[in-house]
Structures are given as C-alpha cells and as structure tokens.
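Examination of the molecular architecture
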Amino acid sequence: MAVQKNNPAERTAIFSVMRELVTADNTLSYEKRIELLKALRKGIIARKAALITAVNEDFNGRSSHETILTDIIPTIGIIDYTIKRLRKWMRPQKKHVAMHFTPAKNRVELQPKGIVLIISPWNYPVSLSILPMATALAAGNRVILKPSEFTPHTSEVLAQLVSDALPSDRATVLTGGADVSIELCKLPFDHILFTGSTNVGRAVMRSAAENLTPVTLELGGKSPTVVHTNYNMFNAAERIARGKFINAGQTCVAPDYAMIPRDKVKEFVSQYEKIIARFYPKLTDNSDYSSIINERHFKRLTSLLDDAQNKGAAVLAVGPDKLQSSGSRKLHPHVVLDVTDEMDLVKEEIFGPILPIIPYDSIEQACEYINQRPRPLAIYYFDKDKSRVASFLKKTISGGAAVNDTLMQFAQDDLPFGGIGPSGMGVCHGYEGFKEFSHAKSVFYQSQMNGGAMLYPPYGKLFDRVTGFLSR
C-alpha cells in the first residue's frame, strides 16, 4: 500500500529497513533481477486498464490511445529490452593493462549503488515512474518511488501494482505532496533521479548535496525546431504538430517553438492549421485530444497567450474550433507570430499546445539564436541535405536531437536520454541508464608471478634500469 504524506515516521522506517539490508548484503543475482523485472511487467499488463482509467481521471480527459502509446508501450518495451540484455550488461568489462603490469588484469565491475529515490512527474505518470524503476532494479538497487501529487489516481494504482509485484523492502511507492519529496531528498540515498522543472531540480540538487548524493536530473527547457527552406513544409508541419499535440504539448521534449524561413512562415502556418483539422476534426468533445492537467496550468498557458498579445504578438487560434469552450481544460491549439524576447512565452518553457513561430533568414542566424539561450533538452532539424544536417548538429548543443521528426529520439530503447546544463544532467534508458544506477568499481587483479618486486626498496641499479626504461 502507499504510505501517505502524514506519516513521516513510517517513511523513515521504510528507508531504514532498506539501509540495513543494503549494509548487510548489497548484491543481487542475475536470476533475481530478471524475476523482479518479469513480475513488474506482469503487474503492468494486469493493471493496464486501471492505469489508463486512472490517468484519464487525473487529467479529466486524457486520450486513452496516447496513454497506451506513451505510457504503457514504452514501459513494457524497456523492460523487455532490459531483460534481453541484462546478462551482458552485468559482465565485468575488461580494460587495458600497461605492458609493465602484465600479466595482471584490469576490470570494471558494475555493482548496485544501494537505495535509489525516483521522483516522477505528472505528464507521463506511468512510464516516467516505472521506466527508471525497472532500470534501477535491473542494476540491483532498492527503490523508493515518489510519484506526482497532481496524479493521485494513477499514484494509487502504481502503489498497488508495485506492492503486489515486488517485495516492499525492494521497491515501495510513497505518495503525498511536494513536502514529501523535500523530506525524502534529505535522506542519505545512494542516488536520486528527479524528473520535472528546472527550478525544482535545483532544490533537489541542493538537498542532495548535504549528503553528497549523486543526482540525475531530467528537466526540460525550450526545445527548438528548425525547418530548412528546402524542406517540404507540409511534412515538417505534420511532424511538428504530431510532436506538439501528443498529450496536448505537455511533454518535456515537445517542440517548444519553430524557426521557419521568413518567406515560408505563411505557408507553414497554413499547412499546420490544415493538419490540426485533420488530426482533430473537433476539439472540445474529442477523446483523442488531451486536457491540460489542472486549472493552475491551464491559467498559466492562457496567461502566456494574454501576455504575448498585450506585448504586440499576433495570437492565432488554429484548428476547426476557434472558440474555447467555457469550463473545458482542453486548450485549443495556438500559433503566435511577431514574438519578441520580452514575452513570457519566449522566456518560459510552454508545456502546452502553443507554438511560437520565429522567422529566420539563414541557418547560421538560427544557430546563433539557439546558442544564445539555455541549452535545450532536444533540438529538431528538418533538412534532407546530409552535410547541412551534420553541420547544424555540430554547431548546436542539446541533450538529444532528432532529424526530420520530433520526439522519436526518446522512444529509442538503445539511445541514452538526458539533458545538459539547465535541461538536466545524467542519462537514463538502455545500457547508459543501467550504468547511471550502478557504481563502476575499478579492480586490479595482480598475478602471482609479477615484476613488482623490482620497484620495491631498497632502490638500486635494477630499479634505475627499469624506471629509466619506463620513463624514456
């Protein structure tokens, strides 16, 4: 069962039990890790319908198809991927031995860090909770998961799922508000993974610093999209719209703004609007179009639009329904033109179905615009010329990138996912995620027969000959 936020003593007791077990024996066999992963997978399958229903209730209207696509399928996929490769990942890695140390051996041996705290967000409450939990378990750790307080129904289902599938001293879900997260971060965990906003990420890192706890921060930022003038505007608009409107734009790697050649802006907006009308023939009562998570975030987004309009932007509602329905949190798609740096939607991560358009005159200018701003979690570039693509990727820095599409870099099991600078630190997914939750212990294996005695004191001519040879 989930432990509620009003029971700090029980939270501390759970951590203490895990700490005692880690101290006594911090090993976990390959067979046991596989058993845990299979049990977790079975629990997800068994509660798939309950998870979909819970997410829909938390959002007050979340597309069930998108929950399957973005929460259920990736979670099952990464568990299957990990199970298939875990034995290989766990093998000690051979390392080079300098000639004068032979026949000794060098190895890097990956061992569990211990207890991992995972603080997951509300936007993809299943996948961004279970994916890192599965990876941490695969690395042999014990896990405490703190899901978002904004998705209480989903959190309860996750708590039941984990409680039924896994031993409570191996993995536990703790529910509650932001105060629970703050208190948990003060405990001496062996690793903390936080997914959420940059501001909260800073607070997590400050708390972790007191115990010198390593952290992985999966944050966000303003992920730009750049379309080259020679690229087909319909194709670009279609793929940008798809990335923008999954979960109504509430995605950390969603295209935040689009940089379009100045003479192609009108064409792009026209194509973009046609595509939205095809995706969503209606908006308000369309179960394929997701709601904004809560009223506070809905008001934040409408305030961004009001601020832009008040500062001179052209704010265009695009799609089949031009008027926002009263009382609905399904915010209609908007395009914003004539934006300036003074506008809040240029300064803040949008995290919603609003697309500012930034016209540009050259790719060099577009790169300069991006590089003058905080490094983003993702960059999307549309161009069929391979040399220009290579040049663009070299000139810009981001956590990840996709060429001629959006979001798809996150969906790749074998690509590490993570940010850089304000968009995060550390990685998850695949082997790199497994390493993130493991301690890479360097081990030197000395041979019974070795020449080390030649370097022992008292030093003499033999020592001089050997060191003279090594220092040539």
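Let us look at the structure shown here.

Reading the values: the criteria
Residues numbered from 1 in each chain as written. Predicted model: local features only at pLDDT ≥ 70, side-chain atom pairs only at ≥ 80, totals over all residues. Heavy atoms only, no water. Helix = DSSP H or I, 4+ residues; strand = E, 2+ residues; numbered from the N terminus. Rg over C-alpha atoms; globule rule 2.2 N^0.38 Å. Buried < 20%, exposed > 50% of the residue type's maximum accessible area, 1.4 Å probe, protein only. Pairing = 2+ DSSP bridges. Axes fitted to C-alpha atoms, helices over the stretch in contact; angles between N-to-C directions. Contact = heavy atoms within 4.5 Å. Arc of directions from axis to C-beta.

Looking now at the overall build of the protein. The secondary structure content of the protein amounts to 16 helices and 16 strands. Its C-alpha atoms give the protein a radius of gyration of 26 Å, near enough to 23 Å, the size a compact globule of 472 residues would have. The C-alpha extent of the protein, read off along each of the three principal axes, is 85 × 55 × 40 Å. Evaluated residue by residue, the protein yields a buried proportion of 51% over its 472 residues.

Of note, the bond from Thr102 into Pro103 is cis; its omega dihedral lies within 30 degrees of zero at 10°. Mapped onto the elements, Pro103 comes out in the loop between strand 1 (93–95) and strand 2 (105–112). Each neighbour pair has its own omega, and for Pro457 with Pro458 the value is 0°, a cis peptide bond. With respect to the helices and strands, Pro458 occurs in the loop between strand 16 (438–445) and helix 16 (461–470). A positive phi is found at Leu212, a non-glycine position, where the angle reads about 55°. For Leu212, the position within the fold is in the loop between helix 8 (198–210) and strand 7 (215–218). With a relative accessible area of 76%, Leu212 lands in the exposed category. Positive phi values are uncommon outside glycine, yet His429 reaches one of about 85°. By relative accessible area, which is 7% here, His429 ends up buried.

With that settled, the discussion passes to the sheet that holds strand 14 (residues 400–403). Taken together, seven strands build an open sheet; the order of strands is 10-11-12-9-8-13-14 and the sheet is mixed. Looking along the sheet, the strands with just one partner apiece sit at the ends: strand 10 (314–317) and strand 14. For this sheet, the mean angle separating the axes of adjacent strands, direction not counted, is 20°. Sheet analysis places strand 8 (residues 224–227) next to strand 13 (residues 378–382), joined by three bridges and oriented parallel. Counted as the bridge partner of Val226 is Tyr381 from strand 13. Contacting strand 8, strand 9 (257–261), strand 12 (354–360) and strand 13, helix 9 (residues 233–245) crosses the sheet at an angle of about 170° to strand 8.

Looking now at helix 13 (residues 363–371). An α-helix turns once per 3.6 residues; consequently, residues spaced three or four apart project the same way. By the burial criterion, the buried members of helix 13 are Ile363, Ala366, Cys367, Tyr369 and Ile370. Buried positions in helix 13, seen along its axis, are confined to an arc of 160° and lie on one side of it. Where helix 13 is buried, its residues contact strand 8, strand 9, helix 12 (344–347), strand 12, strand 13 and helix 14 (386–395).

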